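What follows is each chain in one-letter form.
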Amino acid sequence: MILDKIVEAKKQRLTQHKARVSEIEIRHLAENYQGDSPSFREALVKSGISIIGEFKKASPSVGKMNNKLKFADRIEDYNASVDAISCLTEEDYFGGNIDDLKEIRKLSTLPMIRKDFMIDEYQFYEAKAIGANAVLLIVAILDDIQMKDFYDLTKELGMDALVETHNETEMERALRLDAEIIGVNNRDLHDFTIQLDTTRRLSKMVPEGKIFVSESGIVSDKDVKFLKESRVDAFLIGRAFMEADHPRELARHWKGLD
(Lines give C-alpha, C1' and ligand atoms only; values in the text may rest on other atoms or scores of the structure.)
Protein backbone atom coordinates (compact mmCIF):
# COMPACT_ATOMS: atom_id res chain seq x y z
CA MET A 1 0.00 0.00 0.00
CA ILE A 2 1.09 3.57 -0.69
CA LEU A 3 1.05 4.46 3.01
CA ASP A 4 3.54 1.70 3.80
CA LYS A 5 5.81 2.93 1.00
CA ILE A 6 5.72 6.50 2.31
CA VAL A 7 6.62 5.38 5.83
CA GLU A 8 9.47 3.22 4.54
CA ALA A 9 10.82 6.14 2.50
CA LYS A 10 10.60 8.33 5.60
CA LYS A 11 12.75 5.89 7.56
CA GLN A 12 15.43 6.17 4.89
CA ARG A 13 15.23 9.96 4.89
CA LEU A 14 15.58 10.06 8.66
CA THR A 15 18.96 8.37 8.35
CA GLN A 16 20.07 11.26 6.11
CA HIS A 17 18.70 13.91 8.45
CA LYS A 18 20.48 12.41 11.44
CA ALA A 19 23.73 12.22 9.47
CA ARG A 20 23.55 15.97 8.76
CA VAL A 21 22.42 17.05 12.23
CA SER A 22 22.96 14.62 15.10
CA GLU A 23 20.21 13.72 17.55
CA ILE A 24 22.09 15.48 20.34
CA GLU A 25 22.44 18.64 18.27
CA ILE A 26 18.80 18.70 17.12
CA ARG A 27 17.64 18.39 20.74
CA HIS A 28 19.88 21.29 21.68
CA LEU A 29 18.51 23.41 18.81
CA ALA A 30 14.92 22.63 19.79
CA GLU A 31 15.43 23.34 23.47
CA ASN A 32 17.12 26.65 22.70
CA TYR A 33 14.76 27.83 19.95
CA GLN A 34 14.16 31.56 20.46
CA GLY A 35 11.59 32.33 17.77
CA ASP A 36 8.00 33.42 18.32
CA SER A 37 5.58 30.64 19.23
CA PRO A 38 2.07 31.60 18.11
CA SER A 39 -0.51 29.08 19.30
CA PHE A 40 -1.87 26.74 16.65
CA ARG A 41 -4.69 25.74 18.99
CA GLU A 42 -5.75 29.32 19.67
CA ALA A 43 -5.91 30.03 15.94
CA LEU A 44 -8.59 27.36 15.58
CA VAL A 45 -10.85 28.06 18.57
CA LYS A 46 -12.06 31.57 17.78
CA SER A 47 -15.63 32.10 16.60
CA GLY A 48 -16.43 31.20 13.02
CA ILE A 49 -14.67 28.74 10.77
CA SER A 50 -10.87 28.77 10.77
CA ILE A 51 -8.79 27.91 7.73
CA ILE A 52 -5.38 26.26 7.63
CA GLY A 53 -3.78 27.11 4.30
CA GLU A 54 -1.40 24.47 3.08
CA PHE A 55 1.84 24.77 1.14
CA LYS A 56 2.74 21.68 -0.83
CA LYS A 57 4.43 21.06 -4.13
CA ALA A 58 2.97 17.68 -5.05
CA SER A 59 0.96 14.72 -3.83
CA PRO A 60 0.74 11.04 -4.77
CA SER A 61 -2.89 11.48 -5.81
CA VAL A 62 -2.52 14.40 -8.27
CA GLY A 63 1.20 14.67 -8.95
CA LYS A 64 2.85 18.10 -9.16
CA MET A 65 0.70 21.04 -8.10
CA ASN A 66 -0.22 23.60 -10.77
CA ASN A 67 1.10 26.40 -8.58
CA LYS A 68 0.00 29.82 -9.84
CA LEU A 69 1.93 32.06 -7.43
CA LYS A 70 5.49 32.80 -6.45
CA PHE A 71 6.48 31.58 -3.00
CA ALA A 72 6.53 34.98 -1.29
CA ASP A 73 3.27 36.05 -2.95
CA ARG A 74 1.51 32.94 -1.70
CA ILE A 75 2.61 33.46 1.88
CA GLU A 76 1.56 37.11 1.64
CA ASP A 77 -1.90 35.92 0.55
CA TYR A 78 -2.03 33.42 3.40
CA ASN A 79 -0.95 36.06 5.91
CA ALA A 80 -3.90 38.18 4.83
CA SER A 81 -6.61 35.52 4.83
CA VAL A 82 -5.97 32.25 6.70
CA ASP A 83 -5.54 31.47 10.39
CA ALA A 84 -2.63 29.04 10.24
CA ILE A 85 -0.29 27.51 7.68
CA SER A 86 0.42 23.84 7.01
CA CYS A 87 3.70 22.97 5.34
CA LEU A 88 4.40 19.56 3.81
CA THR A 89 7.95 18.51 4.61
CA GLU A 90 7.80 14.94 3.23
CA GLU A 91 10.37 14.67 0.45
CA ASP A 92 9.68 11.64 -1.70
CA TYR A 93 5.94 11.68 -2.32
CA PHE A 94 4.96 15.30 -1.63
CA GLY A 95 8.07 17.12 -2.85
CA GLY A 96 8.56 18.95 0.43
CA ASN A 97 11.48 19.61 2.74
CA ILE A 98 12.19 21.36 6.02
CA ASP A 99 13.70 24.33 4.19
CA ASP A 100 10.23 25.21 2.90
CA LEU A 101 8.96 25.53 6.46
CA LYS A 102 11.97 27.56 7.52
CA GLU A 103 11.43 29.97 4.62
CA ILE A 104 7.73 30.36 5.42
CA ARG A 105 8.60 31.10 9.03
CA LYS A 106 10.75 34.03 7.85
CA LEU A 107 7.75 35.46 5.99
CA SER A 108 4.91 34.76 8.40
CA THR A 109 3.98 35.14 12.05
CA LEU A 110 1.02 32.77 11.69
CA PRO A 111 1.10 29.49 13.61
CA MET A 112 2.49 26.69 11.47
CA ILE A 113 2.00 22.95 11.48
CA ARG A 114 4.66 20.62 10.16
CA LYS A 115 2.71 18.12 8.08
CA ASP A 116 4.71 14.94 7.69
CA PHE A 117 4.74 11.27 8.57
CA MET A 118 6.03 11.54 12.13
CA ILE A 119 7.51 8.23 13.27
CA ASP A 120 10.62 9.17 15.27
CA GLU A 121 11.35 11.48 18.22
CA TYR A 122 13.99 13.21 16.11
CA GLN A 123 11.29 14.71 13.87
CA PHE A 124 9.59 16.43 16.80
CA TYR A 125 12.78 18.13 17.97
CA GLU A 126 13.48 19.03 14.35
CA ALA A 127 9.99 20.53 13.99
CA LYS A 128 10.54 22.72 17.02
CA ALA A 129 14.00 23.76 15.85
CA ILE A 130 12.77 24.95 12.44
CA GLY A 131 9.88 27.02 13.79
CA ALA A 132 6.83 24.76 13.73
CA ASN A 133 4.11 25.37 16.31
CA ALA A 134 2.31 22.09 15.74
CA VAL A 135 2.83 18.65 14.24
CA LEU A 136 0.64 16.04 12.61
CA LEU A 137 0.13 12.68 14.32
CA ILE A 138 -1.35 10.13 11.91
CA VAL A 139 -3.14 7.47 13.93
CA ALA A 140 -2.90 4.96 11.05
CA ILE A 141 0.90 4.72 11.28
CA LEU A 142 1.33 4.72 15.07
CA ASP A 143 0.47 2.26 17.81
CA ASP A 144 -1.09 3.53 21.04
CA ILE A 145 2.20 3.65 22.96
CA GLN A 146 3.96 5.60 20.20
CA MET A 147 1.04 7.97 19.87
CA LYS A 148 0.97 8.72 23.60
CA ASP A 149 4.74 9.18 23.80
CA PHE A 150 4.78 11.47 20.76
CA TYR A 151 1.78 13.45 21.99
CA ASP A 152 3.44 14.00 25.36
CA LEU A 153 6.72 14.99 23.70
CA THR A 154 4.89 17.49 21.52
CA LYS A 155 3.43 19.15 24.60
CA GLU A 156 6.79 19.14 26.39
CA LEU A 157 8.25 21.04 23.44
CA GLY A 158 5.49 23.65 23.62
CA MET A 159 3.78 22.58 20.40
CA ASP A 160 0.27 21.39 19.56
CA ALA A 161 -0.67 18.15 17.82
CA LEU A 162 -3.31 17.62 15.16
CA VAL A 163 -4.27 13.97 15.62
CA GLU A 164 -5.48 12.66 12.27
CA THR A 165 -8.07 9.90 11.87
CA HIS A 166 -9.72 8.17 8.92
CA ASN A 167 -12.30 5.81 10.43
CA GLU A 168 -14.22 4.93 13.59
CA THR A 169 -11.47 2.74 15.08
CA GLU A 170 -8.88 5.49 14.68
CA MET A 171 -11.29 8.06 16.10
CA GLU A 172 -11.79 5.90 19.20
CA ARG A 173 -8.01 5.74 19.66
CA ALA A 174 -7.66 9.53 19.29
CA LEU A 175 -10.38 10.04 21.89
CA ARG A 176 -8.68 7.64 24.32
CA LEU A 177 -5.56 9.78 23.91
CA ASP A 178 -7.73 12.76 24.92
CA ALA A 179 -6.35 14.75 22.01
CA GLU A 180 -7.36 18.41 22.00
CA ILE A 181 -7.31 18.81 18.21
CA ILE A 182 -8.76 15.97 16.15
CA GLY A 183 -8.67 15.87 12.38
CA VAL A 184 -10.49 13.73 9.87
CA ASN A 185 -8.69 13.17 6.60
CA ASN A 186 -11.31 12.72 3.90
CA ARG A 187 -8.65 11.05 1.78
CA ASP A 188 -8.05 7.39 2.54
CA LEU A 189 -4.26 7.11 2.90
CA HIS A 190 -4.32 3.51 1.72
CA ASP A 191 -5.87 4.10 -1.71
CA PHE A 192 -6.17 7.93 -1.81
CA THR A 193 -9.88 7.98 -2.60
CA ILE A 194 -11.82 10.94 -1.17
CA GLN A 195 -15.13 10.84 0.67
CA LEU A 196 -16.26 14.08 2.33
CA ASP A 197 -18.92 12.11 4.16
CA THR A 198 -16.09 10.68 6.30
CA THR A 199 -16.04 13.98 8.20
CA ARG A 200 -19.80 14.04 8.70
CA ARG A 201 -19.87 10.41 9.81
CA LEU A 202 -17.02 10.73 12.33
CA SER A 203 -18.20 14.12 13.62
CA LYS A 204 -20.89 12.29 15.60
CA MET A 205 -18.17 10.71 17.73
CA VAL A 206 -16.41 13.99 18.65
CA PRO A 207 -17.48 15.36 22.05
CA GLU A 208 -17.97 19.02 22.83
CA GLY A 209 -14.79 20.81 23.78
CA LYS A 210 -12.61 19.22 21.11
CA ILE A 211 -11.31 21.18 18.14
CA PHE A 212 -12.51 19.39 15.01
CA VAL A 213 -10.66 19.77 11.70
CA SER A 214 -11.66 18.50 8.26
CA GLU A 215 -8.77 17.79 5.89
CA SER A 216 -8.49 17.10 2.15
CA GLY A 217 -10.87 17.16 -0.77
CA ILE A 218 -12.27 20.64 -0.12
CA VAL A 219 -12.41 22.28 -3.55
CA SER A 220 -15.81 23.97 -4.00
CA ASP A 221 -18.52 26.06 -2.35
CA LYS A 222 -20.61 22.90 -2.16
CA ASP A 223 -17.87 21.11 -0.22
CA VAL A 224 -17.50 23.98 2.24
CA LYS A 225 -21.24 24.22 2.89
CA PHE A 226 -21.52 20.46 3.32
CA LEU A 227 -18.71 20.34 5.88
CA LYS A 228 -19.84 23.43 7.80
CA GLU A 229 -22.99 21.46 8.62
CA SER A 230 -20.84 18.83 10.35
CA ARG A 231 -19.78 21.01 13.31
CA VAL A 232 -16.31 21.52 11.89
CA ASP A 233 -14.13 24.15 13.59
CA ALA A 234 -11.50 24.37 10.86
CA PHE A 235 -10.63 23.31 7.34
CA LEU A 236 -7.17 22.27 6.16
CA ILE A 237 -7.03 23.11 2.46
CA GLY A 238 -4.15 22.37 0.10
CA ARG A 239 -4.70 21.77 -3.59
CA ALA A 240 -7.54 24.28 -4.03
CA PHE A 241 -5.34 27.08 -2.68
CA MET A 242 -2.17 25.92 -4.40
CA GLU A 243 -3.88 25.96 -7.80
CA ALA A 244 -5.98 29.10 -7.24
CA ASP A 245 -5.07 32.36 -8.97
CA HIS A 246 -6.13 34.29 -5.86
CA PRO A 247 -6.08 32.13 -2.70
CA ARG A 248 -6.61 35.21 -0.53
CA GLU A 249 -10.00 35.92 -2.12
CA LEU A 250 -10.95 32.24 -2.13
CA ALA A 251 -10.22 31.84 1.59
CA ARG A 252 -12.23 34.93 2.45
CA HIS A 253 -15.11 33.77 0.26
CA TRP A 254 -15.26 30.34 1.89
CA LYS A 255 -15.15 31.82 5.37
CA GLY A 256 -18.19 33.91 4.54
CA LEU A 257 -20.35 31.13 3.12
CA ASP A 258 -23.45 30.21 5.14
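A brief structural summary. (Residues numbered from 1 in each chain as written. Predicted model: local features only at pLDDT ≥ 70, side-chain atom pairs only at ≥ 80, totals over all residues. Heavy atoms only, no water.)

Remarks on the overall build of the chain
Rules: Helix numbering and strand numbering both begin at the N terminus, where a helix is a DSSP run of H or I of at least 4 residues and a strand a DSSP run of E of at least 2. Atoms counted for the radius of gyration: C-alpha only. Globule rule: 2.2 Å times residue count to the power 0.38. The cut-offs for exposure are 20% and 50% of the maximum accessible area for each residue type, with area from a 1.4 Å probe on protein chains only; residues under the lower value are buried, those over the upper are exposed, and the others partly exposed. Method for areas: the Shrake-Rupley scheme with a 1.4 Å probe, in which residue coverage is limited to the protein chains shown. His is not counted, nor are the chain ends; Lys and Arg add positive charge and Asp and Glu add negative charge. One atom stands in for each charge, and that atom is NZ of Lys, CZ of Arg, CG of Asp or CD of Glu.
The number of helices and strands found in the chain is twelve helices and ten strands. The C-alpha radius of gyration computed for the chain amounts to 17 Å, which stays within 12% of the reference 18 Å derived for 258 residues, consistent with globular compactness. Projected onto the principal axes, the alpha-carbon positions of the chain cover approximately 50 × 40 × 35 Å. A buried classification covers 53% of the 258 residues belonging to the chain. Accessible surface, the chain as shown: approximately 11400 Å² in total, 47% of it carbon and sulfur. In the chain, 38 positive and 47 negative side-chain charges are present, and the distance between their average locations comes to 3 Å.

Things to note about the side chain of Glu215
The test is simple: Criterion for a salt bridge: a side-chain nitrogen of Lys or Arg within 4 Å of a carboxyl oxygen of Asp or Glu. Any two residues whose heavy atoms approach within 4.5 Å at even a single point are treated as in contact.
Take Glu215: it is sitting in strand β9 (residues 211-215). Lys115 is the oppositely charged side chain nearest to the buried, salt-bridge-free Glu215, at an N-O distance of 4.4 Å. In contact with Glu215, not counting residues within four places along its chain, are Lys115, Leu136, Leu162, Glu164, Gly183, Val184, Asn185, Asn186, Arg187 and Leu236.

Quick notes on the pairing of strand β1 (residues 50-55)
In plain terms, the rule: Criterion used throughout: strands pair if DSSP finds at least two bridges between them.
By the criterion of burial, β1 is predominantly enclosed, with six of the six residues buried. What you see with β1 is no split at all: Ser50, Ile52 and Glu54 on one side and Ile51, Gly53 and Phe55 on the other are buried throughout. Alignment of β1 against strand β10 (residues 234-237), held across four bridges, turns out to be parallel. Residue pairing across strands places Ile52 opposite Leu236, the latter belonging to β10. Note: β1 against strand β4 (residues 84-88), four bridges, orientation parallel. For Phe55, the partnering residue across the bridge sits in β4 and is Cys87.

Observations regarding the pattern of salt bridges
Taken as a whole and assessed by the stated rule, the structure comprises 29 salt bridges. Between Glu76 and Arg248 there is a salt bridge, with its nearest N and O atoms 4.0 Å apart. Of this pair, Glu76 sits in helix α4 (residues 71-81) while Arg248 sits in helix α12 (residues 247-256), and the two are 172 residues apart along the sequence. Three or more residues joined by partner-sharing salt bridges are found here, namely Lys10, Glu91, Arg114, Asp116 and Glu126.

What about unusual backbone geometry?
Within the chain, Asp178 stands out as a residue other than glycine whose phi angle is a positive 65°. With respect to the element layout, Asp178 can be found in the loop between α8 (168-176) and β8 (181-185). Phi angles above zero are rare outside glycine, and Ser216 is one such case at about 80°. When you line up the elements, Ser216 lands in the loop between β9 and α10 (221-228).

Regarding the packing of aromatic side chains
So the rule is basically this: Pairing of aromatic rings covers Phe, Tyr and the six-membered ring of Trp, with a centre-to-centre limit of 6.5 Å; geometry is then stacked below 30 degrees between planes, edge-to-face above 60, and tilted otherwise.
Inspection of the entire model under this criterion finds five aromatic pairs. Ring pairing ties together the aromatic residues Tyr78, Phe241 and Trp254, which thus form one cluster.

Points about the side chain of Arg105
Definition in use: We call two N or O atoms a polar contact when they sit within 3.5 Å, provided that within protein one can donate a hydrogen and the other can accept it, with sequence-adjacent residues counted only if both atoms are side-chain atoms.
Assignment of secondary structure puts Arg105 in helix α5 (residues 98-107). Although buried, Arg105 forms no salt bridge, and the nearest oppositely charged side chain, Asp36, lies 7.2 Å from it. In terms of polar contacts, Arg105 uses its side chain to reach the backbone carbonyl oxygen of Gly131, at 3.2 Å.

Some thoughts on the nonpolar core
Convention followed: Side-chain atoms within 4.5 Å link the members of a nonpolar core, which is a set of buried Ala, Val, Leu, Ile, Met, Phe, Trp, Tyr and Cys residues.
By size, the foremost hydrophobic cluster in this structure holds 83 residues, and its most contacted members are Val163 and Val213. The residues touching Val213, leaving out its near neighbours within four places in the chain, are Leu44, Ile52, Leu162, Ile181, Ile182, Gly183, Val184, Ala234, Phe235 and Leu236.

Functional significance is not addressed by these values, which are geometric in nature.
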